[in-house]
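# Analysis of the macromolecular model
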There are 2 protein chains.
Amino acid sequence: MIDVAALLGDAVSPEHVLIGDAIGDDYGHDEALTATPETPGFVVRPGSTGEVSALLQIANEHHIPVTARGSGTGLSGAAVPRAGGMVVSFERMNDILEIDTENHIAVVQPGVTLEQLDEVTAAYRLVYPVFPGEYSASLGGNVATNAGGMRAVKYGVTRHQVLGLEAVLASGDVIRTGGRFVKATTGYDLTQLIIGSEGTLALVTEAILKLYPRPEHQATVLAPFPVLEDVTRAVPAIVASGIGPLILEYIDTRTMSVITANVGLDLGVPPDIKERALAYLVVMMENAHADRLDEDVQALGEQLAGLGALDVYVLPAQAAAQLIEAREKVFWVAKANGADDIVDIVVPRSTIPDFMAKVAEIGQTHQSLIAGCGHAGDGNIHLSVFQPDPEQRYKVMRGLFETGMALGGAISGEHGVGKEKKRYYLELEDPTKVDLMRRIKAAFDPHGILNPGTLFD
Amino acid sequence: MIDVAALLGDAVSPEHVLIGDAIGDDYGHDEALTATPETPGFVVRPGSTGEVSALLQIANEHHIPVTARGSGTGLSGAAVPRAGGMVVSFERMNDILEIDTENHIAVVQPGVTLEQLDEVTAAYRLVYPVFPGEYSASLGGNVATNAGGMRAVKYGVTRHQVLGLEAVLASGDVIRTGGRFVKATTGYDLTQLIIGSEGTLALVTEAILKLYPRPEHQATVLAPFPVLEDVTRAVPAIVASGIGPLILEYIDTRTMSVITANVGLDLGVPPDIKERALAYLVVMMENAHADRLDEDVQALGEQLAGLGALDVYVLPAQAAAQLIEAREKVFWVAKANGADDIVDIVVPRSTIPDFMAKVAEIGQTHQSLIAGCGHAGDGNIHLSVFQPDPEQRYKVMRGLFETGMALGGAISGEHGVGKEKKRYYLELEDPTKVDLMRRIKAAFDPHGILNPGTLFD
């Protein structure tokens, strides 16, 4: 009988190998609403790439399932380990290794949080522009799920900001991909392949991230609309105007009233307008020049009025910040209100009205409450599904995914497939593509040790 | 003996299968300076995805090497076919299938040229922002090489603009990846994997491209510098200022005098400044507002003066257009002047001065003339190497690549590895990565029919 714990202790020093009761509950789950926690056999906390390599060599030799863990804020169960398997927790690899102001780059370890990075980059008047809404999330987790967030309409998502990686393969081999440049055509783009692979292809030990100048001035405009369709019809017009919005969110009235109540926020919308509103559009802009921002706000206000908004409000800075924060916390509000599952389907933004009409139908058919909000600018719809019966809920969820895909969309915009959306993914995705992905998986990880049960069975 | 031509004729109709003398010379080469043309056994011109699928089924069954061809403007020999193999020419699949103004998307077939797309998008006041400099290039070729160009400092490169693909696998299976959205986390990103794979993983039959509002106003600033190092030191400062330059090019004096003479262009730089200049920085900006552009030009001029520019010239629109065009034609000028090979190394932009110092040393050591220019904003250096002796030239080229990689760069920023840079690539790239890529290749193309000899042996 091999003493795996002893081997792992040789690799990372025994104090960083947890077994049995020493393993805290947190290591057994992420934030997915529906996932069943599992108890790993080992939690290891490597302090260096060399240690990660040594750990994977052991795992590969002894066919031990390995699940990487950043902050555990994922929403699809990708960080739920195999029972008895190994969790590689990156909590000790949390250094910002460099802020390179010449190349506008940050080099980070996977355990660095978004909050940590934002604080450091702010001092340089730079910004890492991906804000998925959970500031305690780790960059490693962001890379694994290709995290998005509200600012994708301007800056794209994680994969657009990661220029290179250091990653450890299942074999323990360490590779470096990409670099401090935005372009290269030298073989297959392993950086992009690893991003979004949810820990199934390699463990990321370092990421090279693109930074941007941090514009000093921000403004947020709120516009209630009587019809959801008008909100989404306004979106391409706003984008085409060239103002380059940072955020373009729609929030349905139910969700708006719950999230503002949650933080005690009064946006100053008069009751008569509130009553007639069916959805809100939130537009945030940023600019290095205050006067240009003012001019853009003015132009946007006029444009929104012409596009059917009931009124237009320029929010005071504090109320704007609170609203964005409240919007970011929508998952927690949904959870606190007893949501049974959540969805983050992405559809072509022009199809949002059609999609939402179908959502209403599906909710009615299966007597389920479905409320939500979404990134109108990029077509990523976040819905909370309230339906305690698992069979009914399956029908609702499957209906939502089928509808989204039929409109040219995809099951997940930013949360990932993980373990919790896998059933739907495998049922609905083209089997040719799934087979191809399985072969790619085998090319990276022939023994299937990396995050088994995620994406595929 | 199987009559392959007859089989192919069944797949695409006999008039679109060329054999023997009917095959024009052009099908045997691309624009790589060093590649030896080859004569394919068959040139097929499919008219639809279904026909491409049928062709690949035949090729796969009979193990016929397949090389895809767009406009044949590639610079690394990736479109040079196998002798006796099959060229799939996309000349008939050249339709812009849709300009979707709601989602800001173009759907194109692979044979569409950049010129064709630019003309059509202009009518909608939209733009596909990748300008690799050769307007006759096809979108299929751009996807295969992940084409870049001067505007990468603002918009990134092809991979940042391609949201989805239709592609035919070696088996003939047709897959659709991505869609009309900027974000998704539903399995491995096959779109990104196929982009830049130089025809070795799949044949692209349709691409979904991101479009942007087309700003109406442009301005171009020219600044001569007495030291190259000052040019590159100016770059991060300009980027950090937040003006968001569209183009940030440096051009050495030798290259500048040759390319301007080539088109008879006088930029109005007085002789005494010309004499003292060692390199030029060209900054192009665009804006939807003329007044903002003027303000930015003013601010940039002051900034450049402070950064060591000998003088600052705002070019008249026509001179600016001519300069950019002349810069885009630098390859043709180099070719006409007898360049023996070209390089498009990418390095972190902060290392350009170190890199160029080494380039001078390498040139001196091997008595070779090396002249160039580059995308200062993104670190992509274009060099022409004048050295007729193959052995000496190998040493020069290898020296350049080693130097670039030692500085954290990569062999090719946008031209690709193809067949012509393969030797250097396989000598210098981490063998662990090359092996992994070979396994990925095998996952897509088990019989190795797709563009054999490109990237790998």
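Here the structure is a predicted model, which is why all the values come from computation and not from measurement.

## Quick word on the domain arrangement of chain A
Residue and element names in this part refer to chain A. Parsing chain A into structural domains produces domain 1 (4–89), domain 2 (96–213), domain 3 (217–327) and domain 4 (332–432). One C-alpha centre belongs to domain 2, the other to domain 4, and the line joining them spans 27 Å. On the side of domain 4, nine residues touch domain 2, which itself brings ten residues to the contact. Counting the surface lost from both domain 2 and domain 4, the interface buries some 630 Å², and carbon and sulfur atoms represent 43% of this. Applying the counting criterion to the domain 2 and domain 4 interface returns zero salt bridges. Linking domain 2 with domain 4 are four residue pairs in polar contact (both at pLDDT 80 or more), by the criterion used here. Within the side of domain 2 that touches domain 4, the residues separate by chemical class into four nonpolar, four polar and two charged.

## A word on the interface of chain A and chain B
Across the contact, 77 residues belong to chain A and 77 residues belong to chain B. It is Lys 183, Thr 185 and Tyr 188 of chain A that lose the most area in chain A upon contact with chain B, and together they represent 16% of the buried surface on that side. The interface formed by chain A and chain B contains ten salt bridges. With a shortest N-O distance of 2.7 Å, Glu 414 of chain B and Lys 183 of chain A are connected by a salt bridge. If you list the elements that add at least two residues to the side of chain A that touches chain B, you get α6 (158–161), β9 (174–178), α7 (190–194), α8 (228–240), α11 (290–306) and α17 (431–444) of chain A.

## Focus on the sheet that holds strand β3 (residues 66–69) of chain A
Residue and element names in this part refer to chain A. Pairing is mixed across the open sheet formed by four strands, whose spatial order is β1-β2-β4-β3. In this open sheet, the two strands that pair with only one neighbour each are β1 (17–19) and β3. Neighbour to neighbour, the strand axes of the sheet diverge by 20° on average, direction disregarded. Sheet analysis places β1 next to strand β2 (residues 42–44), joined by three bridges and oriented antiparallel. Bridge pairing links Leu 18 to Val 43 in β2.

What counts, and at which threshold
- Residues numbered from 1 in each chain as written.
- Chains lettered and ligands numbered in written order.
- Predicted model: local features only at pLDDT ≥ 70, side-chain atom pairs only at ≥ 80, totals over all residues.
- Heavy atoms only, no water.
- Domains from an automatic or database assignment.
- Contact = heavy atoms within 4.5 Å.
- Buried area = accessible area lost by both parts, 1.4 Å probe.
- Salt bridge = Lys/Arg side-chain N within 4 Å of Asp/Glu carboxyl O.
- Polar contact = N/O pair within 3.5 Å; in protein donor to acceptor, adjacent residues only side chain to side chain.
- Nonpolar A, V, L, I, M, F, W, Y, C, P; charged D, E, K, R; others polar.
- Helix = DSSP H or I, 4+ residues; strand = E, 2+ residues; numbered from the N terminus.
- Pairing = 2+ DSSP bridges.
- Axes fitted to C-alpha atoms, helices over the stretch in contact; angles between N-to-C directions.

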